[in-house]
Amino acid sequence: MPYYEIAVGRFEEAYHPSALKAALAEFISALIFVFAGEGSGIAYNYITDDGATTAAGLIQASLAHAFGLFVGVSVSANISGGHVNPAVTFGAFLGGHITLFRGILYWIAQCAGSSVACLLLRVSTGGL
C-alpha cells in the first residue's frame, strides 16, 4: 500500500460542521445497531428462559444483528459512509478514503453510541 494515500488532515476538520454531522450520523447508527442487536438478544433470552444458545436463538440473534446493521448503515450511508464499526473506519482510513482526524471523530462517536445503547438497554430492561 502506498504511504501517500494515508492523509492526516487538518485540525480544523475536527470541528467542521460536515464532520460533526457525519459523526452524529455514526453515533446514531452505532446506537441503533447495538440497541437492536443486543436488545433483541436480551428479550429472546428473557422470553425463552435462557434459550438463546439453541439453534433458534442463534438464528434470531444473527437476524436481529443483520437488521440492526441494515438500518444503521441506511441511516448514515449518505452522510458519513455508513461505517458503524470502528474496524471499518480504520480500513477506510488505511485505504485513504477518510483522514485521520475524521477517523478519530468517527471512532469516538461510534464508541459513544454503543455505550449509550448499552446504558439505554440497562435502564429499559431493569438490569437484565
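Everything below is about the structure shown above.
Observations concerning a nonpolar patch on the surface
Piece 1. Residues L24, I28, F70, V71 and V75 make up a contiguous nonpolar surface patch of about 440 Å² in total accessible area.
Piece 2. When contributions to the nonpolar patch are tallied by element, the ones reaching two or more residues are α1 (17-47) and α2 (55-80).
Piece 3. The element contributing the most residues to the nonpolar patch is α2, with three residues.
Piece 4. Note that I28 resides in helix α1.
Piece 5. Judged by its relative accessible area of 35%, I28 is partly exposed.

Describing unusual backbone geometry
Piece 1. Even without being a glycine, V84 presents a positive backbone phi close to 60°.
Piece 2. Position of V84 among the secondary structure elements: in the loop between α2 and α3 (86-94).
Piece 3. The exposure class assigned to V84 is buried, which follows from its relative accessible area of 6%.

Describing the environment of S29
Piece 1. Within the secondary structure, S29 sits in helix α1.
Piece 2. For S29, a relative accessible area of 0% translates into the label buried.
Piece 3. Through-space distance from the C-alpha of S29 to that of F70 is 9.5 Å; in sequence the pair is 41 residues apart.
Piece 4. Leave out the neighbours within four places in its chain, and S29 touches G72, S76 and V84.

Conventions used here
Residues numbered from 1 in each chain as written. Predicted model: local features only at pLDDT ≥ 70, side-chain atom pairs only at ≥ 80, totals over all residues. Heavy atoms only, no water. Patch = residues over 30% accessible without salt bridge, like charges linked within 9 Å, V, L, I, M, F, W, Y side chains within 5 Å. Areas by Shrake-Rupley, 256 points an atom, 1.4 Å probe, with all protein chains shown as cover. Salt bridge = Lys/Arg side-chain N within 4 Å of Asp/Glu carboxyl O. Helix = DSSP H or I, 4+ residues; strand = E, 2+ residues; numbered from the N terminus. Buried < 20%, exposed > 50% of the residue type's maximum accessible area, 1.4 Å probe, protein only. Contact = heavy atoms within 4.5 Å.

In short, geometric facts, not functional conclusions.
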